[in-house]
Amino acid sequence: MERLSFVQPDSLRDQVNRAASAVRNSTKILAISHIDADGITSLAIVVTTLERLGKKTSWRNIHQLSSETVLEVKTLVGELQPDLVIFTDFGSGQMSLVRENIQGQPGIEAIIVLDHHIPSDEDPDSWREKNEQGIIEVNPCQHGMIGSSELSGAGLAFLVAYAISTENVDLSELAVVGATGDLQDYYGRGFSGLNKEIIALAEQHGYVKVHKDLTFFGISTRPLPFLLEFTTDPYLPGITGNRDGCFAFFDELGIPLKDSEDIWRTWADLKPDEKRRVIQKLIDSILQSYENPKAATGIIGDVMTLVRRPPRTELRTAKEFSTLLNACGRNKKPEVGVRICFGDLEAWREGQTLLQQHRANLASALRRLETGGVEERPGMYLVMDPETPDTIVGVVIGMAQGSRIVPTDKPVIGVSTKVSGEGPMLKISGRAARSLVKRGVNLREVFVSASKSLNDRYGTMVAEGGGHPMAAGAFVHSDYLKEFLEIVSDLIAKSLQSTDERKSEGRG
Ligand SMILES: [Mn+2]
């Protein structure tokens, strides 16, 4: 049986195989990827595969593929003279940049783009044309799949690796970590599509075990009381952020916090009966304080244990592994994350330090937000914090929404006015609750069309948007920020209003 027979439709499988043969035919490769956990794992999968093939490989993570950063890639191409350039976890939305700056550079025989974000080329069949031009674009969105939930960048990189050799099956672990980092399981509600197939393969080969368990962050590393203290999704009244409340919680249940050797117990150390009692009490407390009983459903879900990784470490569950990698990326050390994936112990230690810093940064940003850092506008809750670095603004607003510090009836838009690079571009992040997306709010479209109208108005590139309906981002020139936010607020307000009208018409 063909090893990739689970990859459907055939057109996608052919495209994966095409990428695999372009890799085999190359000699010197430059691999470029995004800095989040999915981008880091995608890159680690690609680089490991290339090194196993004995190819000369250089790699680099970049924050976002933009008109500025593509020039860095162009320079690298000039220096390294690769015959193949591989982009992972971005590229489909920046195809014109790739065409203009990378294609046709001396020595380049082929370009591979492995992406799962919505492509910028409107023609869904455009990948066929690009094959002829030496750009092999593999994107599940072009084959009838949903790129935000059915396949991650790392999953796609894994499919190519597996097409090259079944011995790369161990890399399925990293594919699971990448998909988890991109929240493709929708907060523990379960994986679908090719993600599910890859997980089944990883399970079958003994790399991953999926079981229903508490979905909170830190079930294999955090001492019990701190596990609850830092839980923000859902926000646990009287428990989240309340250390005494956490101790009292376990005290009331008569569950010891330390073992016989005086070592903190983690969730993974609890007996089944103890777990049941804790879960029951958590559900009771959520039901008491939330109008919607659904708030309690997300606390139990599929947990992916990486059974070959050391217990009581961040590498043991896909969720914590991906958080560790995200911490590296957000602290501008994505290469440390890639090296952690390679199994480098020193990098792992450095990553742990970055994770601690990252948590401290998040906590202080949330505290500022809670104490008056939110402005309500017609179409959004706006968070403009000069202290929050642009690398974490997206997570901060996501957590603020998850923990209901910011209401969910409108999207939350975050702006970091603290620019990390030299340039004048500011980073904007947006998050919309699932219920809003169901009602038709699409943040990606809003950011893309707001950028387009500004660019058209000024006849030059002042803004660039992209992402997913529920989580999107944009880069905007600082001089045009005010205008951009006004357009965004108007667009969202209109789309909320039109769904309200439809609703009331439906009722009448
Ligand atoms: Mn991704």
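Residues numbered from 1 in each chain as written. Predicted model: local features only at pLDDT ≥ 70, side-chain atom pairs only at ≥ 80, totals over all residues. Heavy atoms only, no water.

Engineer: Provide a residue-level description of the packing of helix α7 (residues 172-181) against helix α8 (residues 193-204), including the pertinent values.
Structural biologist: α8 packs onto α7 with a crossing angle of 140° between their chain directions and a minimal axis gap of 9 Å. Put simply, α7 runs oblique to α8. α7 and α8 meet at a crossing whose hand is left-handed. Contacts between α7 and α8 involve Ser 172, Ala 175, Val 176 and Ala 179 from the former and Asn 195, Ile 198, Ile 199 and Ala 202 from the latter. (Axes fitted to C-alpha atoms, helices over the stretch in contact; angles between N-to-C directions. Helix = DSSP H or I, 4+ residues; strand = E, 2+ residues; numbered from the N terminus. Parallel < 35°, antiparallel > 145°, perpendicular 65-115°, else oblique. Left-handed = near helix turned anticlockwise from the far one by under 90°. Contact = heavy atoms within 4.5 Å.)

Engineer: Pulling in residues and values, what's your account of the coordination of the manganese ion?
Structural biologist: For the manganese ion, the protein coordination sphere consists of Asp 38 (OD), Asp 89 (OD), His 116 (NE2) and Asp 182 (OD), at 2.1 to 2.3 Å. Sequence spacing of the donors to the manganese ion: D-x50-D-x26-H-x65-D. Of the two residues, Asp 38 sits in helix α2 (residues 37-52) while Asp 182 sits in the loop between α7 and α8, which places them 144 residues apart along the sequence. The burial state of Asp 38 is the same as that of Asp 182; both residues are buried. (Donors = N, O, S within 2.8 Å, 3.2 Å for Na, K, Ca; no water. Buried < 20%, exposed > 50% of the residue type's maximum accessible area, 1.4 Å probe, protein only.)

Engineer: Can you break down the sheet that holds strand β2 (residues 56-61) residue by residue, with the values?
Structural biologist: Two pairing modes exist for strands in a sheet, parallel and antiparallel, and in both the strands are linked by backbone hydrogen bonds. Spatially, the 5 strands line up as an open sheet ordered β2-β1-β3-β4-β5, and their pairing is parallel. Edge positions in the sheet fall to β2 and β5 (135-138), since each has one partner strand and no second. The mean angle between the axes of side-by-side strands here comes to 15°, regardless of whether they run parallel or antiparallel. The strands that helix α1 (residues 10-25) touches are β3 (84-88), β4 (110-114) and β5; relative to β5, the one it contacts most, it runs at about 135°. Docked against the sheet, α2 engages β1 (28-33), β2, β3 and β4, running at close to 175° with respect to β2. (Pairing = 2+ DSSP bridges.)

Engineer: For helix α12 (residues 318-330), give the residues involved together with the corresponding values.
Structural biologist: A rise of 1.5 Å per residue sets the reference length of α12, with its 13 residues, at 18 Å; its end C-alpha atoms lie 18 Å apart and thus fit the reference within 8%. On its buried face, α12 sits against α2, α7, β7 (300-306), α13 (334-342) and α14 (345-370). (Expected span 1.5 Å × (residues − 1).)

Engineer: With reference to specific residues and values, describe the pattern of salt bridges.
Structural biologist: With the rule as written, the count across this model stands at 22 salt bridges. The partner of Asp 456 in a salt bridge is Lys 452, with the nearest N and O atoms 2.9 Å apart. Residue Asp 456 and its partner Lys 452 are both found in helix α17 (residues 443-458); the two are separated by 4 residues, about one turn of the helix. Across the pair, Lys 452 and Asp 456 agree in class, each one exposed. For Lys 482, the salt bridge is made with Glu 486, and the minimal N-O distance between the two is 3.7 Å. In this pair, Lys 482 and Glu 486 are both assigned in helix α18 (residues 481-507), 4 residues apart and thus about one turn of the helix distant. With a relative accessible area of 64%, Lys 482 lands in the exposed category. (Salt bridge = Lys/Arg side-chain N within 4 Å of Asp/Glu carboxyl O.)

Engineer: Which residues make up the packing of α7 against α12, and what values go with them?
Structural biologist: The description of two packed helices rests on the angle between their axes and on the distance between the axes. Running from N to C, α7 and α12 point in directions that differ by 75°, and their axes come no closer than 8 Å. Considered as vectors, α7 and α12 are oriented roughly perpendicular to each other. Only Ala 318, Lys 319, Phe 321, Ser 322, Leu 325 and Asn 326 of α12 make contact with α7, whose side of the interface consists of Leu 174, Val 176, Val 177, Thr 180 and Gly 181. Looking at the contact of α7 with α12, its residues break down into 6 nonpolar, 4 polar and 1 charged. (Nonpolar A, V, L, I, M, F, W, Y, C, P; charged D, E, K, R; others polar.)

Engineer: Lay out the side chain of Asn 168 with the relevant residues and their values.
Structural biologist: For Asn 168, the position within the fold is in the loop between α6 (153-164) and α7. Within polar-contact distance, the side chain of Asn 168 engages the backbone oxygen of Ala 161 at 2.8 Å. (Polar contact = N/O pair within 3.5 Å; in protein donor to acceptor, adjacent residues only side chain to side chain.)

Engineer: Break down the pairing of strand β13 (residues 471-477) for me, citing the residues and quoting the values.
Structural biologist: Burial within β13 is extensive, with 5 of its 7 residues counted as buried. Strand direction decides the pairing type here: strand β11 (residues 425-431) and β13, joined by 7 bridges, are antiparallel. By the bridge assignment, Leu 426 is partnered in β13 with Val 476. Bridging between strand β12 (residues 463-467) and β13 involves 5 bridges; their strand directions are antiparallel. Pairing of Ala 463 across the sheet is with Val 476, part of β13. Counting the residues that bridge the hairpin from β12 to β13 gives 3 residues.

Engineer: Any chance you could break down the environment of His 63 for me, citing the residues and the numbers?
Structural biologist: Position of His 63 relative to the elements: it lies in the loop between β2 and α3 (69-80). Through-space distance from the C-alpha of His 63 to that of His 34 is 5.8 Å; in sequence the pair is 29 residues apart. Discounting chain neighbours no more than four positions away, the residues touching His 63 are His 34, Ile 35, Asp 390, Thr 391 and Lys 427.

Engineer: Could you give an account of the domain arrangement of the protein, with specific residues and numbers?
Structural biologist: As far as domains go, the protein holds domain 1 (10-184), domain 2 (213-367) and domain 3 (373-499). Look at where the C-alpha atoms of domain 1 and domain 2 centre, and you get two points 32 Å apart. Contact residues are listed per partner, giving 17 residues for domain 1 and 17 residues for domain 2. Overall, the association of domain 1 and domain 2 removes approximately 1400 Å² of surface from exposure, summing both partners, and the carbon and sulfur fraction of that is 77%. Between domain 1 and domain 2 we count 1 salt bridge in total. Among the ionic pairs, Arg 309 bridges to Glu 173, the shortest N-O distance being 2.9 Å. Secondary structure elements with two or more residues in the side of domain 1 that touches domain 2: α2, β2 and α7. Broken down by element, the residue count for the side of domain 1 that touches domain 2 peaks at 7 residues, all from α2. (Domains from an automatic or database assignment. Buried area = accessible area lost by both parts, 1.4 Å probe.)

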